[in-house]
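# Structural description and commentary
Spelled out, the chains give:
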2 protein chains.
Amino acid sequence: MTRLLQFAAGLAFAAALTLPAIVRASEPDDVIEYRKNIMKTLGAQAAALNATLQGKAPAESFTLHAQVLAIAASEALIAFTPKVEGGDSKPEVWAKWDDFSKKMKEFAANTADLAKTAEAGGAAAAQPKMQGALTCKGCHDTYRQPLKK
Amino acid sequence: MTRLLQFAAGLAFAAALTLPAIVRASEPDDVIEYRKNIMKTLGAQAAALNATLQGKAPAESFTLHAQVLAIAASEALIAFTPKVEGGDSKPEVWAKWDDFSKKMKEFAANTADLAKTAEAGGAAAAQPKMQGALTCKGCHDTYRQPLKK
């Protein structure tokens, strides 16, 4: 697991470096749809992870959800790197890129640690790290457009 | 990666064995919402994987998407094990459980192989295995309610 996550992090970093050249060829709508798919993954897996703790889903799946969250968090930093405003993102994502990308990197590192802890010790060991890892709201409050009600 | 996937497969198997006792405590709506979150993950990551091949997203992320698909496929078998009809599932899921679960296990095994191949040789090596791994439509045609248009 550790090796996988190191691999994922390395890949994410390498991709972020080479990204602008690649994504310049993509249409803005493609870039937005792509990052929406990553955020959809994160939302679905965070909900599934919570369900395992609430007795609404098998407790044994906690680790699988944590592993997906860790990899999808790596995907997210890559997906937001091209400066394409729109979708559910506020312009602040790119206006405050240093802060946004720092938060995204922390998110990837913390979910990787969550997954590693869950793999070694199960949900009981990992649960105390959840609040520090799943900082969805803190980031959404600043960087996501308010959801339509 | 291989160790992770072996771990994921072992966990999925163990969870499937112990699942009925756990999920009996869940409300039917919880079971349906949970499996919808897994299928949402699979749909979003399959779309993202395709985007990397179509030049709509960074090619380097192919492997990350394949890894998520492999883990989420393991989650899916667990999520459908409790016989709770409804949501987007046809009753055939449980009426033909032997066939459905066989297809789900193949899906998990084939996406695990896809991820392993991508990790070793990148998208170019893994691409020939995509059609055999991402059998979404074949299964949806039989087991998913038609989508509303």
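Refer to the structure above for everything that follows.
Residues numbered from 1 in each chain as written. Chains lettered and ligands numbered in written order. Predicted model: local features only at pLDDT ≥ 70, side-chain atom pairs only at ≥ 80, totals over all residues. Heavy atoms only, no water.

## As for the packing of helix α3 (residues 62-80) of chain A against helix α3 (residues 62-80) of chain B
Inclusion rule: Here, axes are lines fitted to C-alpha atoms. For helices the fit covers the stretch in contact, and angles between N-to-C directions go from 0 to 180 degrees. Going along the chain from the N terminus, every DSSP run of H or I of four or more residues is numbered as a helix, and every run of E of two or more is numbered as a strand. Should an angle lie under 35 degrees it is considered roughly parallel, over 145 roughly antiparallel, and from 65 to 115 roughly perpendicular; all remaining angles are considered oblique. In this scheme the crossing of two helices becomes right-handed for a clockwise turn of the near helix relative to the far one and left-handed for an anticlockwise turn of less than a right angle. When checking whether two residues touch, look at their non-hydrogen atoms; a contact exists if any pair is within 4.5 Å. Three classes are used: nonpolar for Ala, Val, Leu, Ile, Met, Phe, Trp, Tyr, Cys and Pro, charged for Asp, Glu, Lys and Arg, and polar for all others, with Gly counted as polar.
Packing of α3 of chain A against α3 of chain B brings their axes to within 10 Å, and their N-to-C directions diverge by 150°. By the criterion of interaxial angle, the relationship of α3 of chain A to α3 of chain B is roughly antiparallel. Between α3 of chain A and α3 of chain B lies a crossing whose hand is left-handed. Residues L64, H65, Q67, V68, I71, A72, S74, E75 and I78 of chain A of α3 of chain A pack against L64, H65, Q67, V68, I71, A72, S74, E75 and I78 of chain B of α3 of chain B. The class makeup of the residues in the contact of α3 of chain A with α3 of chain B is ten nonpolar, six polar and two charged.

## So, the pattern of salt bridges
Our working rule: Salt bridges are defined as contacts in which a side-chain nitrogen from Lys or Arg sits within 4 Å of a carboxyl oxygen from Asp or Glu. Exposed residues in this analysis have more than 50% of their type's maximum accessible area, buried residues have under 20%, and partly exposed residues fall in between, with area computed by a 1.4 Å probe over protein chains only.
Using the criterion set out here, one finds eight salt bridges over all chains in the structure. Across the pair K129 of chain A and D113 of chain A runs a salt bridge whose closest N-O atoms are separated by 3.0 Å. Separated by 16 residues along the polypeptide, K129 of chain A in the loop between α5 (97-126) and α6 (130-133) and D113 of chain A in helix α5 bring together distant segments of the chain. Under the relative-accessibility criterion, K129 of chain A is labelled partly exposed at 35%. Take D113 of chain A: its relative accessible area is 31%, and that puts it in the partly exposed class. Note that K137 of chain B and D141 of chain B form a salt bridge whose closest N and O atoms lie 2.7 Å from each other.

## Points about the state of the cysteines
Residue and element names in this part refer to chain B. The line we're drawing: Two cysteine sulfurs form a disulfide in these notes if their separation is within 2.5 Å.
Applying the stated criterion across every chain yields a total of zero disulfides over all chains. Of the cysteine sulfurs around C139, a residue in no disulfide, the closest is that of C136, at 8.9 Å. Looking at C139, the relative accessible area reads 16%, which means it is buried.

## Observations concerning the packing of aromatic side chains
This is how it is decided: When two rings of Phe, Tyr or Trp (its six-membered ring) have centres within 6.5 Å they constitute a pair, described as stacked for plane angles under 30 degrees, edge-to-face for angles over 60, and tilted for the intermediate range.
What the rule picks out here adds up to six aromatic pairs over all chains. Between W97 of chain B and F100 of chain B, the aromatic rings sit 5.6 Å apart at their centres with planes inclined by 35°, giving tilted as the arrangement. Of the two residues, W97 of chain B and F100 of chain B are both situated in helix α5 (residues 97-126); the distance of three residues between them amounts to about one turn of the helix. Exposure remark for F100 of chain B: the relative accessible area of 3% places this residue in the buried category. The interplanar angle of 75° and the centroid separation of 5.1 Å between the aromatic rings of F100 of chain B and Y143 of chain B together place this pair among those described as edge-to-face. Note that F100 of chain B is positioned in helix α5 and Y143 of chain B in helix α7 (residues 136-143), a separation of 43 residues in sequence. What makes Y143 of chain B buried here is its relative accessible area of 4%. One aromatic cluster is present, formed by F80, W97, F100 and Y143 of chain A through successive ring pairs.

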